[in-house]
Every structure is written in structure tokens, then in C-alpha cells.
Amino acid sequence: MPFMLAKVFGCALTGLTGEPVSVEVDIASGLPAFNIVGLPDAAVSEAKERVRAAIRNAGATFPPKRITVNLAPGDLRKEGTGYDLPIAVGILIASGQMPAEIAAGSVLVGELALNGDLRHVQGALPIAATIRDLGFRRLLLPAVDAPEAALVDALEIAPFESLADVIAVAAGQAPLPQYDRAAAPPPAAAPPLEVDFREIRGQEHVKRALEVAATGGHNVLLSGPPGAGKTLLARALPGIMPPLSNAEALSVTKIYSVSGTVRPGHALMR
């Protein structure tokens, strides 16, 4: 089995933006070992066991060699489980079990289950926006995250259910999946109002200030003793706010995406 140096791309989240991470895999002769370097956190370090089991259960061979995975740039802290898929694909490419073309021009993200299934990762939307702006043409990710990533235009979204599906596409046994944006779920409806602004009696000067802030898009700081009505007024404020524009909805959805609270079946938060 020929061995070579492989390089695929993942993506790290820094706040509400992403930064591409080069996943370099080297396989050498020697006692079997599996090392990940490049400031990985505990979740990334634990990828070794998930990747080992997923490759084996996906029908491929985990090479019993000395494997070194470098996540570059080395001074950027790598967090989360989204590096499982690029590490696994890098190992399969480096061991000659998968052609490198599957990763050309692409970024890969996804957590692997022990049986090779791909699980949800946080931040699909900011990752997709970042890699499109950097010139990548395709994002390979878990199918459950495809509706969220597809909110970004001019980027191919390739959803996969498992590592075995990625192997099948690389081997030419199946076509590369393409997410159909026309079949995307509708935006989530606005949540029901907790308090109607017109139901609040008194506090006319505060209500006037909130109306001005809502009209001009200003920030608000409510300060006062307990029981003055600060929380009630704050809960009533969304009822007089205008609907979000598409750009504003994307910005809000990025926050939900990074925090992992995008509602299933509704990608864009309105």
C-alpha cells in the first residue's frame, strides 16, 4: 500500500467567523502511533479513537503505521469535533485508499460516530460564508447541516450521511450529492410575543425612549430598582421592531449556528 503526504482543509470558528485549517496527514513506517498536533483541544485529541473506529466500520483499512496529523496554522486553538471528517479523509488519501480529487477545492467538516455516520457540527453557516469568500468552491458536511450551510449562495453544498458515502463517491461508485436549495425548508416563523407593547400602562417616558431606539436601531440600557418594569418593557420591545432584512437574518442565524441552537427544519432565523 503506497503512502504519501495528504492535505485537506477543515475550518475553525473564531467568534462568528471561520478560519481555514490545513489538515496535513503524514504516514510513515515504524511502530503504530497516531498523533495530532497543532494546538488541539480535548475534543480534537479524542478524534483519534472516533476516526480509527469510523474508518474500520466504513469498510476501509486503518493503516497500522506511524500517523501524524498537523492542524495548521499551529498558533490557532482548534476546538470541537468538526475535524473528524477531514482527518479521516486525509488518512484515507495518504494511505492510497482514496483519490485526492475528492478534497480538491473543498472544505470538509463533520463529527464521526464510531459506525462512520456523520453527526451535526456547530457553525455551518459562518463556515460556509468564510470559505466562499476565500474562494473555495465546495463544502462537504453532514446532511443534517446542509440547509443551514445552503443559506450561503455561490457555494456547492455536498451533504453526506456517513464516511462510507464519502468513500463511495471518491471511488466513483456514487455521484457527488448536491443540496437542492429549491427544496430548502421555509424560514422559521417569528416566535409569539410574550408581551404586547400596547398593554403596558404608565412608564410613558421609557416607552417613548424604546420607540426611538427601535426606529433608529439604537442600543438600550434599562436601569432601575426591582419591580420598576424593566423586564416587562424589554419583553415587549420585539413587538414594535421591524422585520429583519435578509442580511440581518443571516447575522442573527450565525449567532444561533455558533451556539448550536438553530431549530431543526428551519435554517434562517427571522
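One can find the structure itself at the top, above this paragraph.
This structure is a prediction, so every number in the text was calculated from the model and none was measured.

A. Layout of the pairing of strand β2 (residues 17-28). Both strand β1 (residues 6-14) and β2 contribute to a ladder of nine bridges, which runs antiparallel. Of the residues in β2, the one forming a bridge with Gly10 is Val21. Bridge count between β2 and strand β4 (residues 66-72): seven bridges; the pairing is antiparallel. Paired with Ala28 across the strands is Arg66, a residue of β4.

B. The arrangement of the sheet that holds β2 in detail. Here we have four strands laid out as an open sheet, ordered β1-β2-β4-β3, and mixed in their pairing. The outermost strands of the open sheet, each flanked by one partner alone, are β1 and β3 (33-37). Sheet twist, expressed as the average angle between the axes of neighbouring strands with direction ignored, equals 20°. Sheet contacts for helix α3 (residues 84-94): β1, β2, β3 and β4; angle to β1, the most-contacted strand, approximately 170°.

C. Summary view of the environment of Ala6. Inspection of the secondary structure puts Ala6 in strand β1. For Ala6 and Gly216, which are 210 residues apart along the polypeptide, the C-alpha to C-alpha distance reads 52 Å. When near neighbours in sequence (up to four residues on either side) are disregarded, Ala6 contacts Val23, Glu24, Val25, Gly90, Ile93 and Ala94.

D. Quick look at the sheet that holds strand β8 (residues 138-142). Within the open sheet, the three strands sit side by side as β5-β8-β9. Their pairing is parallel. Looking at the sheet topology across the chains shown, the edges are occupied by β5 (106-108) and β9 (156-160). Sheet twist, expressed as the average angle between the axes of neighbouring strands with direction ignored, equals 20°. Here β8 runs beside β9; their pairing, made up of five bridges, is parallel. Opposite Leu140, over in β9, you have Ala158 as the bridge partner.

Parameters and conventions
Residues numbered from 1 in each chain as written. Predicted model: local features only at pLDDT ≥ 70, side-chain atom pairs only at ≥ 80, totals over all residues. Heavy atoms only, no water. Pairing = 2+ DSSP bridges. Helix = DSSP H or I, 4+ residues; strand = E, 2+ residues; numbered from the N terminus. Axes fitted to C-alpha atoms, helices over the stretch in contact; angles between N-to-C directions. Contact = heavy atoms within 4.5 Å.

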